[in-house]
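# Descriptive analysis of the structure
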Amino acid sequence: MKRFGVSLPKEVAEEVEKISQDMGVTRSEIVAVALQEYLEARRSHADAAHECLGVVLAVSDSFSDIGEIIEENKGHIVAYTHLHVDGKCLTIAVVRGSGSEIERLSLAMSRKAQLTRYVPLR
């Protein structure tokens with residue numbers, strides 16, 4: 001095991017705390033499992049040689065937050081749509097590009113949205 005400090009948004013830290021209490025495990029175990037899942041999902045798609053085709057879902061307060069990123073990345077966005085659901089903006093973008101390009105795009109969206117998910121189509 002290796003120890004290191006991580007800063008989390010308050011809401012995330014509180015949710016990790018609640019899950020750890022509900023499950024009777026440590027916060028470290030929750031974070032380790034979540035990171036392991038992220039790393040496994042990232043392995044093949046983050047490889048610069050891997051050509052990704054997938055969908056990025058982003059939930060935000062305003063489309064303008066995500067719209068800027070879409071404009072800056074039109075070369076990697078095949079198509080997108082924007083919907084309003086329960087007072088939130090849902091943006092669905094079909095993306096194509098190298099693993100590293102799509103990862104950068106997804107991370108840029110995650111900085112502006114409350115929830116972002118990349119779903120590979122192949």
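Before going into details, it helps to say that this report is about the structure given with it. As the structure is a prediction and not an experimental result, all values here were calculated from the model.

### So, the packing of aromatic side chains
Going through the model one piece at a time under the given rule, you end up with one aromatic pair. On the numbers, 6.1 Å between centres and 15° between planes, the contact of Phe63 with Tyr80 is stacked. On the criterion of sequence distance, the pair formed by Phe63 in helix 3 (residues 63-72) and Tyr80 in strand 2 (residues 77-85) is long-range, its members being 17 residues apart. Since its relative accessible area comes to 25%, Phe63 is described here as partly exposed. Using a relative accessible area of 42% as the deciding quantity, one classes Tyr80 as partly exposed.

### Here we look at the sheet that holds strand 2
Pairing in this open sheet of four strands is antiparallel, and the strands run 2-3-1-4 from one edge to the other. In the strand order of this sheet, the two ends are held by strand 2 and strand 4 (115-120), each with one partner. Across the sheet, the mean angle from the axis of one strand to that of its neighbour is 15°, orientation sign disregarded. In terms of strand pairing, strand 1 (residues 51-60) meets strand 4 through six bridges, oriented antiparallel. Each residue of the ladder has a partner; that of Val59, found in strand 4, is Leu115.

### Notes on the nonpolar core
Core analysis: the biggest nonpolar cluster contains 13 residues, and Ile66, Ile77, Val95, Leu105 and Met109 have the highest contact counts within it. For this core, the secondary-structure elements that each account for two or more residues are strand 1, helix 3, strand 3 (88-98) and helix 4 (99-112). Leaving out residues up to four positions away in the same chain, Val95 has contacts with Cys52, Leu53, Gly54, Val55, Val56, His76, Ile77, Val78, Ile102, Leu105 and Tyr118.

### A few points about the side chain of Ser106
Along the polypeptide, Ser106 turns up in helix 4. Take Ser106: its relative accessible area is 15%, and that puts it in the buried class. Ser106 has contacts with Thr116 and Tyr118, leaving out every residue within four places of it along the chain.

### Re the pattern of salt bridges
Evaluation of the coordinates by the stated rule reveals five salt bridges. Among the salt bridges present, the one from Lys10 reaches Glu14, with a minimum N-O distance of 3.9 Å. One end of the pair, Lys10, and the other, Glu14, are both in helix 1 (residues 10-23), four residues apart, so they sit about a helical turn from each other.

### Some words on helix 3
In an α-helix, one full turn covers 3.6 residues, which means residues spaced three or four apart are oriented alike. Among all positions in helix 3, only Ile66, Gly67, Ile69 and Ile70 are buried. The arc that holds the buried residues of helix 3, viewed along the axis, is 165°, so those residues lie on one side. Where the residues of helix 3 are buried, they touch strand 1, strand 2, strand 3 and helix 4.

What counts and how
Residues numbered from 1 in each chain as written. Predicted model: local features only at pLDDT ≥ 70, side-chain atom pairs only at ≥ 80, totals over all residues. Heavy atoms only, no water. Phe/Tyr/Trp six-rings, centres within 6.5 Å; stacked < 30°, edge-to-face > 60°. Helix = DSSP H or I, 4+ residues; strand = E, 2+ residues; numbered from the N terminus. Buried < 20%, exposed > 50% of the residue type's maximum accessible area, 1.4 Å probe, protein only. Pairing = 2+ DSSP bridges. Axes fitted to C-alpha atoms, helices over the stretch in contact; angles between N-to-C directions. Core = buried A, V, L, I, M, F, W, Y, C linked by side-chain atoms within 4.5 Å. Contact = heavy atoms within 4.5 Å. Salt bridge = Lys/Arg side-chain N within 4 Å of Asp/Glu carboxyl O. Arc of directions from axis to C-beta.

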